[in-house]
Amino acid sequence: MNDKTKKLTTVGMLCALAYVVAAVGRIPLVLFLKYDPKDVIIAISGLIFGPLTSFLIAFIVSLAEMVTISENGIIGCLMNIISSCSFACTAAFIYSKKRKLSGAIGGLFCGWGCQIVVMLLWNYLITPIYMGYPREAVVELLIPAFLPFNLIKGGLNASITMLLYKPVVTALRRSRLIETTQMAEKSRLKVGVILVALLIIITCTLFIFTLKGVF
């Protein structure tokens, strides 16, 4: 199997996995907003192969969602693409410039922040159209609903990616689907990274319970 075929096979597998977790892993958080972990797979794909791969997987998975499980049509598809790309493509791009553990973690945190800002803007612009809400009502929901949702979503995606990236890459390398040089970090994942990721997950979980009480 040549390198191009290996890459296509691996990207296809990751794309299918991203769709599956989007279809079966949806968790209602705030109002009509639901979390699913597909951005973790999309981010891992980008860290391995680059930001263009993240974009392609986000585009394909969002289209598949639109024609199968989504009820929000083309606008919902567009919002999914923007949300996934703002997180995963940002992380992959920054990591491509600094291919070290610090670059991967810095990229994930930058992707988290970028997703929050971008989605607040796009929710302000688009949500009144595809949800049928008055813009004034959407503005009132930006801080109490959309902001905490994207904080939680980005935090969970960043921390889960930190925990899963190395095991996923190791498994793909042992399966000879990627080369050793395509690994993000050759040293062992530091305990500190695991602790930070777990802390973020715990914080986000507590935040979810708090929001459940509010809404």
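To be clear, the structure that these remarks concern was listed above.
Peer 1: Hey, could you run me through the state of the cysteines in this one?
Peer 2: Working definition: the covalent bond between the sulfur atoms of two cysteines is a disulfide. Throughout the structure, instances matching the rule amount to zero disulfides. The thiol sulfur of Cys 15 is not disulfide-bonded, and the nearest other cysteine sulfur, from Cys 85, lies at 12 Å. Classification of Cys 15 by relative accessible area gives buried; the value is 12%.

Peer 1: I would appreciate a short explanation of the packing of aromatic side chains in the present structure.
Peer 2: Here a ring pair, both rings aromatic, is described through the centre-centre distance and the interplanar angle of the planes. For the structure shown, the criterion picks out two aromatic pairs. A centroid spacing of 6.2 Å and a plane angle of 25° characterise the contact between Phe 55 and Phe 59, whose relative ring orientation is stacked. With Phe 55 and Phe 59 both in helix H3 (residues 51-68) and four residues apart, the pair spans about one turn of that helix. For Phe 55, a relative accessible area of 36% puts it in the partly exposed group. For the pair Phe 109 and Trp 112, a centre-to-centre distance of 5.8 Å together with 40° between the ring planes defines the contact as tilted. Remark: Trp 112 and Phe 109 occur in helix H5 (residues 101-130); sequence separation between them is three residues, near one turn of the helix.

Conventions used here
Residues numbered from 1 in each chain as written. Predicted model: local features only at pLDDT ≥ 70, side-chain atom pairs only at ≥ 80, totals over all residues. Heavy atoms only, no water. Disulfide = S-S within 2.5 Å. Buried < 20%, exposed > 50% of the residue type's maximum accessible area, 1.4 Å probe, protein only. Phe/Tyr/Trp six-rings, centres within 6.5 Å; stacked < 30°, edge-to-face > 60°. Helix = DSSP H or I, 4+ residues; strand = E, 2+ residues; numbered from the N terminus.

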